Amino acid sequence: MTRLSTLLTALCLSSSMAFAADISVEQPVARATPPGQPNSAAFMQLVNKGETTALVAAKSSVADVVELHTHTNDEGVMRMRKIEKIELPAGETTVLQPGGLHVMLIGLKQPLQAGSQIDLSLEYADGSQQQVEVPVQMAMPAGMQMQQQKHGSH
Ligand SMILES: [Cu+2]
């Protein structure tokens with residue numbers, strides 16, 4: 001009995017270590033697309049309750065390629081660019097939102113319809129993966145409307 005419980009304890013410890021990243025994904029949303037639009041984006045809040053890690057990759061069955069992107073302000077023009085990872089500092093909430101960090105869905109196999117859900121698999125720096133169901137919603141175009149609103153208020 002003692003040996004068995006020691007073995008079970010060891011198994012439990014090793015399985016919990018395999019899921020070292022402790023990230024809670026809140027308010028995930030993917031942007032609905034009109035027919036013919038090949039790309040979309042997903043947004044969410046990543047709450048890191050564990051140690052510092054990073055989001056290093058993502059995939060989804062609805063898109064050929066999924067990339068991690070950010071926006072940079074290039075002399076007033078917002079441009080997207082691919083980044084290798086999204087840092088997730090311990091104890092902090094990292095926000096992916098229109099006009100900022102986002103998960104880019106490239107080469108959609110079909111239009112994303114509002115009210116449906118897509119699957120998203122997130123991979124962290126320690127190799128652990130997390131499956132997320134992401135609701136599809138109509139959303140404002142990334143950056144552009146927000147930009148105009150900001151400029152209008154000046
Ligand atoms: Cu993008």
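Residues numbered from 1 in each chain as written. Predicted model: local features only at pLDDT ≥ 70, side-chain atom pairs only at ≥ 80, totals over all residues. Heavy atoms only, no water.

The protein has the name Copper(I)-binding protein in an unreviewed UniProt entry, where Marinobacterium iners DSM 11526 is given as its organism.

J.: So what exactly am I meant to see when it comes to the overall build of the protein here?
T.: Helix and strand content of the protein: two helices and 10 strands. Listed by position from the N terminus, the elements making up the protein come as α-β-β-β-β-β-β-β-β-β-β-α. Within the span of the protein, comprising 154 residues, buried residues form 36% of the whole. Put simply, of all contacts in the protein between residues at least 6 apart along the chain, 66% involve residues at least 24 apart. (Helix = DSSP H or I, 4+ residues; strand = E, 2+ residues; numbered from the N terminus. Buried < 20%, exposed > 50% of the residue type's maximum accessible area, 1.4 Å probe, protein only. Contact = heavy atoms within 4.5 Å.)

J.: Before we go on, may I ask you to explain the coordination of the copper ion in this structure?
T.: For a metal bound by four donors in tetrahedral geometry, the ideal donor-metal-donor angle is 109.5 degrees, whereas six donors in octahedral geometry ideally sit at 90 or 180 degrees. Protein ligation of the copper ion involves His-69 (ND1), Met-80 (SD), His-102 (NE2) and Met-104 (SD), the donor distances falling in the range 2.1 to 2.2 Å. Around the copper ion, the four donor atoms sit at angles spanning 94 to 117°, and that spread fits a shape best called tetrahedral. The buried category is assigned to His-69, whose relative accessible area is 6%. (Donors = N, O, S within 2.8 Å, 3.2 Å for Na, K, Ca; no water. Tetrahedral: all angles 85-135°; square planar, octahedral: opposite > 155°, others 65-115°.)

J.: Help me out: how do you make sense of the pattern of salt bridges in this one?
T.: A side chain with one charge can pair with a side chain of the opposite charge if their charged atoms come near. Counted by the stated rule, this structure contains two salt bridges. In this structure, Asp-74 engages Arg-79 in a salt bridge whose closest nitrogen and oxygen atoms are separated by 2.9 Å. Overall, the relative accessible area of 35% leaves Asp-74 in the partly exposed class. Residue Arg-79 is classed as partly exposed on the basis of its relative accessible area, which comes to 43%. (Salt bridge = Lys/Arg side-chain N within 4 Å of Asp/Glu carboxyl O.)

J.: So what exactly am I meant to see when it comes to the nonpolar core here?
T.: Soluble, globular proteins show a tendency: their nonpolar side chains are buried together. Counting 29 residues, the largest nonpolar core has Met-44, Leu-46, Val-103, Leu-120, Leu-122 and Tyr-124 as its most contacted members. Per element, the largest residue contribution to this core is four residues, and it comes from strand E9 (residues 117–124). Ignoring anything within four residues of it in the chain, the contact list for Met-44 reads Val-25, Glu-26, Gln-27, Pro-28, Thr-94, Val-95, Leu-96, Val-103, Leu-120 and Leu-122. (Core = buried A, V, L, I, M, F, W, Y, C linked by side-chain atoms within 4.5 Å.)

J.: Any chance you could explain the side chain of His-102 here in plain terms?
T.: Tracing the sequence through the fold places His-102 in strand E8 (residues 102–108). Using a relative accessible area of 1% as the deciding quantity, one classes His-102 as buried. Of the polar contacts made by the side chain of His-102, one reaches the backbone oxygen of Gly-100; its length is 2.9 Å. Those residues in contact with His-102, other than ones at most four positions away along the chain, are Ala-41, Ala-42, Phe-43, Glu-67, Leu-68, His-69, Thr-70, His-71, Met-80 and Leu-96. (Polar contact = N/O pair within 3.5 Å; in protein donor to acceptor, adjacent residues only side chain to side chain.)

J.: Before we go on, may I ask you to explain the environment of Val-62 in this structure?
T.: Tracing the chain through its elements places Val-62 in the loop between strand E3 (53–59) and strand E4 (63–74). It is 8.4 Å that separates the C-alpha atoms of Val-62 and Leu-112, two residues lying 50 residues apart in sequence. The contact partners of Val-62, leaving out residues within four places of it in the chain, are Gly-107, Leu-108, Lys-109, Leu-112 and Ile-118.

J.: Just checking my understanding: could you explain the pairing of strand E5 (residues 77–82) for this structure?
T.: On a regular strand, each side chain points to the face opposite its neighbour's, so the side chains alternate between the two faces of the sheet. Examined bridge by bridge, E4 and E5 share six bridges and lie antiparallel to one another. Residue Asn-73 lies in a different strand from E5, and its bridge partner there is Met-78. Linking E4 back to E5 in an antiparallel pair, the connection comprises two residues, with Glu-75 at a positive phi of about 50°. (Pairing = 2+ DSSP bridges.)

J.: When you look at the pairing of E8 in this model, what are you seeing that I'm missing?
T.: The element E8 is largely enclosed, with a buried count of six among its seven residues. Across four bridges, the pairing between strand E2 (residues 39–48) and E8 is antiparallel. For Ala-42, the partnering residue across the bridge sits in E8 and is Val-103.

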